[in-house]
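Structure assessment
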Amino acid sequence: TQVELGGYPHYMLKEIFEQPESIRAAMRGRLDRDEATAKLGGLNLTPQQLRQVDRLVLTACGTSWHAAMVGEYTLEAFARLPVEVEYASELRYRNPPLSTQTLLMAITQSGETIDTLAAMREVKRKGHPVLSLCNVVGSTIARESDGGLFLHAGPEIGVASTKAFTSQCVVLSLIALHFGRLRHLSYEAGLRIINEMEQLPEKVEQALETNSLCRQIAGKYSGCDNFLYLGRQHNFPAALEGALKLKEISYIHAEGYPAAEMKHGPIALVDEHTPSVFIVPSGGVYEKVIANMEEIRARGGPVIAIVDEDDSRASEIADEVIRVPSAADYLQPIVTAIPLQLLAYHIAVLRGCDVDKPRNLAKSVTVE
Ligand code: G6P
């Protein structure tokens, strides 16, 4: 059956606006207040088996790989488990030494990406349990994994992934909560996480209100040929994903970087025609990111800052300020994804690009 545009000019914009609902769908029936954990039957592993896992390897491609990076920060924080994120195209030929209790998780919207499938098969062949995080039910990776979870985001038509990304981040947070509660997270901490997650759809809804501001900012910078995207900790993968969105649909060169690492290279690119998009919500590294922003300003680079609603310091330094609701650190990449997607979308539209079907890209890459 054909998915309707429902009044939106592009599937991508429609899918961006579907996110409050797709995020709700990802959490539906999975938050267990009584046990202060996430109820994840699909994992198909007993609590004893899960408790024995001593290392998680997350593998994926493209945007799904960025979600895996977000998941790495959350899983390490909640479950205190060593987590490694690997490009599937590298993992499949790398033959890394894996402890017997290593669990592999393949993250993929389509469930058909050939590199992700091959990496999963290789690790499975060596006797490790493999789980999948897919959106498409009945897909090859979903069928061949030992267990897993579906995103329930509904069909994603735009080639550039939007709602699948935020749902992947949500489900990875649920998995982190689940693992955490099997290890050392207290009942109280579990409940706090549940409360934070329940507020997320509403925050995403509010973040969507930045749409016309994002269009306005896009108008000012759509002629630039280079962009930097900078963030730290949980917002470093958010920066990678922001840059990828812009690159994919507007064909503008964009680099995502850890904000402090930019002084080891990308800062050489900074001039008055190279905007830097800073993701700088409040949190432990806030002051540090502000210092990084000042370094860019000192070199004449325009700064577009995505900040918390009540921010004062970062917004004084930046040329453009996009305010989003404040959220716990592990949820920030989901909330800040919204203006990053909107910015990329509007810039691409202004440049006359085919946002739903960008040149040279495919929705799912099924040949090597
Ligand atoms: C392609 C798509 C990307 C996607 C990647 C991984 O490159 O254009 O949007 O992130 O494949 O796809 P998957 O279905 O495995 O998440």
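Here we summarise the structure given alongside this text. (Residues numbered from 1 in each chain as written. Predicted model: local features only at pLDDT ≥ 70, side-chain atom pairs only at ≥ 80, totals over all residues.)

This part is about the overall build of the chain. On a plain count of helices and strands, the chain comes out with 15 helices and twelve strands. Here the chain has a C-alpha radius of gyration of 20 Å; the compact-globule value for 368 residues is 21 Å, and the two agree. If one aligns the C-alpha atoms of the chain with their principal axes, the spans along those axes are about 55 × 45 × 40 Å. Going through the 368 residues of the chain one by one, you find that 55% of them count as buried. Taking all contacts inside the chain whose residues are at least 6 apart in sequence as the whole, residues at least 24 apart take part in 74%. (Helix = DSSP H or I, 4+ residues; strand = E, 2+ residues; numbered from the N terminus. Rg over C-alpha atoms; globule rule 2.2 N^0.38 Å. Buried ≥ 20, exposed ≤ 12 C-beta atoms within 10 Å, placed from the backbone. Contact = placed C-beta atoms within 7 Å.)

Let's shift gears to the site of the ligand. Taken together, 17 residues are adjacent to the ligand, and Gly62, Thr63, Thr108, Ser110 and Thr113 come closest. It is helix 4 (residues 62-79) that provides the largest number of residues to the shell around the ligand, a total of three residues. (Near = placed C-beta within 6 Å.)

Further remarks concern the sheet that holds strand 4 (residues 83-87). The strand order 4-3-5-6-7 describes an open sheet built from five strands, whose pairing is parallel. Here the strands that pair on one side only, and so sit at the sheet edges, are strand 4 and strand 7 (147-150). The sheet shows a mean angle of 20 degrees between the axes of neighbouring strands, taken without regard to direction. Note that strand 6 (residues 130-134) and strand 7 share four bridges and pair parallel. Opposite Ser132, over in strand 7, you have Gly148 as the bridge partner. Relative to the sheet, helix 6 (residues 114-125) contacts strand 3 (55-60), strand 5 (102-108) and strand 6, its axis offset from that of strand 5 by approximately 165 degrees. (Pairing = 2+ DSSP bridges. Axes fitted to C-alpha atoms, helices over the stretch in contact; angles between N-to-C directions.)

Moving on: the packing of helix 8 (residues 163-182) against helix 15 (residues 332-350). Across the interface, helix 8 lies against helix 15 with an axial gap of 9 Å and an inter-helix angle of 170 degrees. With respect to their mutual orientation, helix 8 and helix 15 come out roughly antiparallel. On the side of helix 8, the interface is formed by Phe165, Thr166, Cys169 and Val170, while helix 15 contributes Pro333, Ile334 and Ala337. Class assignment of the residues belonging to the contact of helix 8 with helix 15 gives a composition of six nonpolar, one polar and no charged. (Parallel < 35°, antiparallel > 145°, perpendicular 65-115°, else oblique. Nonpolar A, V, L, I, M, F, W, Y, C, P; charged D, E, K, R; others polar.)

To continue, consider the packing of helix 10 (residues 200-207) against helix 15. Two elements in contact, helix 10 and helix 15, have axes whose closest approach is 9 Å; the angle formed by their N-to-C orientations is 20 degrees. By the angle class used here, helix 10 and helix 15 are roughly parallel. Seen from above, helix 10 lies across helix 15 with right-handed handedness. Of the residues in helix 15, those in contact with Leu200, Lys203, Val204 and Ala207 of helix 10 are Ile334, Val335, Ile338 and Pro339. Considered class by class, the residues forming the contact of helix 10 with helix 15 number seven nonpolar, no polar and one charged. (Left-handed = near helix turned anticlockwise from the far one by under 90°.)

In this section: the sheet that holds strand 10 (residues 276-279). Taken in spatial order, the five strands line up as 9-8-10-11-12 in an open sheet, and their pairing is parallel. Among the strands making up the open sheet, the edge pair consists of strand 9 (253-258) and strand 12 (320-324). Put simply, the sheet's adjacent strands are angled 20 degrees from each other on average, direction ignored. Sheet topology places strand 10 next to strand 11 (residues 303-308); four bridges connect them, and they run parallel.

Let's shift gears to the pairing of strand 3. The buried count for strand 3 comes to five of six residues, which makes it a mostly enclosed element. Summarising the sheet, strand 3 and strand 5 pair through five bridges and their orientation is parallel. Along strand 5, the bridge assignment pairs Leu56 with Leu103. Pairing analysis gives five bridges linking strand 3 to strand 4, with the strands arranged parallel. Along strand 4, the bridge assignment pairs Thr59 with Glu86.

By themselves, these figures tell us nothing about what the structure is for.
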